[in-house]
Amino acid sequence: MSTTDVIVIGGGPAGSCAATLLARAGRTVRVLERERFPRFHVGESLLPYNAAIFDELGVTAQLRDAGFPIKRGAQFHLGNGSKGTGFVFASGKFTRHTEAFQVERARFDEILLRHAGGSGAEVEEGVDVERVEADAEGVSVRLKDGTTRRARMVVDASGRGNLTGSQEGLRVMNPKLKKLAVFGHYDGVQVDPGTKGGDTVIIRQEHHWFWMIPLRLDADGTGKVSVGAIVERDDFSRAGQTAEAFLDGRIQASPPVRERLAKARRVSPVHVTSDFSYRNSKLWSPRCVRVGDAAGFIDPIFSSGVFLAMYSARAAVAAVQTALKAGTDGSAEFAAYASRVQTAMTIYQEMVDGFYTTPFMELFLEPRAKWDLAAAVNAVLAGELEGGWKLRCRMKLFFLLVRLQARFPLVPRVSFAPAA
Ligand SMILES: Cc1cc2nc3c(=O)[nH]c(=O)nc-3n(C[C@H](O)[C@H](O)[C@H](O)COP(=O)(O)OP(=O)(O)OC[C@H]3O[C@@H](n4cnc5c(N)ncnc54)[C@H](O)[C@@H]3O)c2cc1C
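1. Here we look at the site of the ligand
Around the ligand, the structure places 38 residues, and the nearest of them are Gly 12, Gly 43, Gly 159, Gly 292 and Gly 305. Taken together, the elements giving at least two residues each to the shell around the ligand come down to helix H1 (13–24), strand E2 (29–33) and helix H9 (305–326). Here the shell around the ligand gets four residues from one element, more than from any other, and that element is H9. Each residue belonging to the shell around the ligand can be placed in one class, and the counts come to 17 nonpolar, 14 polar and seven charged.

2. Considering the environment of Thr 328
With respect to the element layout, Thr 328 can be found in the loop between H9 and helix H10 (331–355). Thr 328 sits 176 residues away from Arg 152 along the chain, and the two C-alpha atoms are 9.8 Å apart.

3. Quick notes on helix H4 (residues 105–118)
Helix length check: H4, at 14 residues, gives a terminal C-alpha distance of 19 Å against a target of 20 Å (1.5 Å per residue), a fit within 8%. Taken together, the buried positions of H4 are Phe 108, Asp 109, Leu 112, Leu 113, His 115 and Ala 116. On an axial view of H4, the arc spanned by its buried residues comes to 155°, and they lie on one face. If you follow the buried residues of H4, they end up packed against H1, E2, helix H2 (50–57), helix H3 (60–65) and strand E7 (122–125). Once H4 ends, the next one or two residues include Gly 120, with phi positive near 115°.

4. Regarding the domain arrangement of the protein chain
Entries for the protein chain in the domain assignment read domain 1 (3–44 + 60–67 + 103–173 + 280–347) and domain 2 (179–274). Computed over C-alpha atoms, the centres of domain 1 and domain 2 are 30 Å apart. Per-class residue counts for the side of domain 1 that touches domain 2 are two nonpolar, one polar and three charged.

What counts, and at which threshold
Residues numbered from 1 in each chain as written. Predicted model: local features only at pLDDT ≥ 70, side-chain atom pairs only at ≥ 80, totals over all residues. Near = placed C-beta within 6 Å. Helix = DSSP H or I, 4+ residues; strand = E, 2+ residues; numbered from the N terminus. Nonpolar A, V, L, I, M, F, W, Y, C, P; charged D, E, K, R; others polar. Expected span 1.5 Å × (residues − 1). Buried ≥ 20, exposed ≤ 12 C-beta atoms within 10 Å, placed from the backbone. Arc of directions from axis to C-beta. Contact = placed C-beta atoms within 7 Å. Domains from an automatic or database assignment.

Shown next, in the form of structure tokens:
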């Protein structure tokens with residue numbers, strides 16, 4: 001049985017990122033991925049701060065060559081058309097990276113995984129991991145085919161499969177976010193002209209919301225767009241409809257979405273997924289560190305998933321490297337890693353919790369230049385997690401104003417009622 005320095009379970013963005021960085025640092029790395037790539041995956045809108053990680057991986061040129069649409073901002077509108085706002089990352093005072101890719105994940109994930117292979121990681125696809133057992137010398141990784149692989153350390157990047165978190169009973173569902181997503185890809189969707197064509201467009205109804213993420217921009221002002229609705233899980237069950245009928249019904253009942261899709265046709269199956277908002281109570285075990293969705297996932301609204309997946313993978317690699325050099329089981333290094341990642345996740349958790357309340361939306365949709373609060377929100381939406389006290393103070397003030405707005409209208413109230 002051969003022993004590798006690190007086994008990475010899962011070849012999504014987190015796993016590929018970890019594998020590339022470890023291989024480039026001279027470690028022997030084996031990626032074990034259940035699927036064969038390319039494979040479909042949800043999660044198509046990236047954040048600008050991913051750019052620094054792509055540079056570090058040495059994959060930026062390949063991603064540019066792939067021709068993914070460029071996202072320069074995000075728009076948030078009420079479903080009745082009464083109010084909306086747009087964030088342009090380049091106009092953010094604290095925003096250091098200002099452009100992101102909008103990606104078909106099948107293609108994007110394959111580029112990252114092949115790049116990990118090209119960087120020296122050994123990539124095995126079609127390999128389903130069943131169990132991970134650590135001992136004093138290393139880790140045994142048992143596969144569903146009955147064979148076992150050995151390594152000194154494991155990076156669990158198994159996504160929502162949450163392999164080691166489930167094995168150890170660590171998954172804690174968020175009781176406030178019992179959401180369900182129903183989504184598909186559409187061709188011929190009207191997109192905004194000019195640089196706004198690459199924006200993510202969010203349409204907020206009172207109890208559900210839509211995303212529209214351009215995946216390809218065509219010369220005639222339309223494009224291929226990922227369209228999804230996030231609804232209460234119980235609303236979907238109560239409707240008793242097929243996923244297709246449910247999504248179509250929601251689209252038809254939402255004028256801004258209906259208008260953009262007036263000449264569109266669906267070019268993918270309609271997918272449904274739920275129970276995605278959770279965190280593991282512990283992000284590591286001896287010789288095993290959990291990254292990306294295998295650490296936790298908050299909510300799709302601010303498109304933070306892939307960025308946090310790669311951010312956590314990069315942080316985990318630093319911890320693994322220190323532990324391997326010191327010959328430890330990683331406990332101390334992984335504990336420090338976990339605290340850093342929990343802090344990052346909490347920044348988005350606070351934004352997500354806010355998004356589902358009306359006072360937050362009232363302030364969010366009325367960005368004011370005062371005290372640079374809108375600039376601070378802009379930076380967080382771009383992926384700024386290490387902006388220091390300047391950003392922290394402003395975000396604290398923003399959330400204080402949200403609490404005040406709940407009692408006294410600092411900015412006008414919004415209404416979700418259908419337009420007359
Ligand atoms: C509805 C919805 C919308 C979203 N929208 C966005 C968005 O717009 N932008 C964004 O950034 N994020 C979004 N996300 C989140 C995003 O999809 C994830 O955060 C991201 O894919 C996490 O990357 P990962 O590498 O951790 O996991 P994944 O991308 O899920 O990769 C995990 C890999 O592990 C493999 N695997 C699992 N179990 C095993 C096993 N036992 N053995 C071997 N391999 C295994 C899987 O096959 C998979 O390839 C969304 C999520 C949801 C639910």
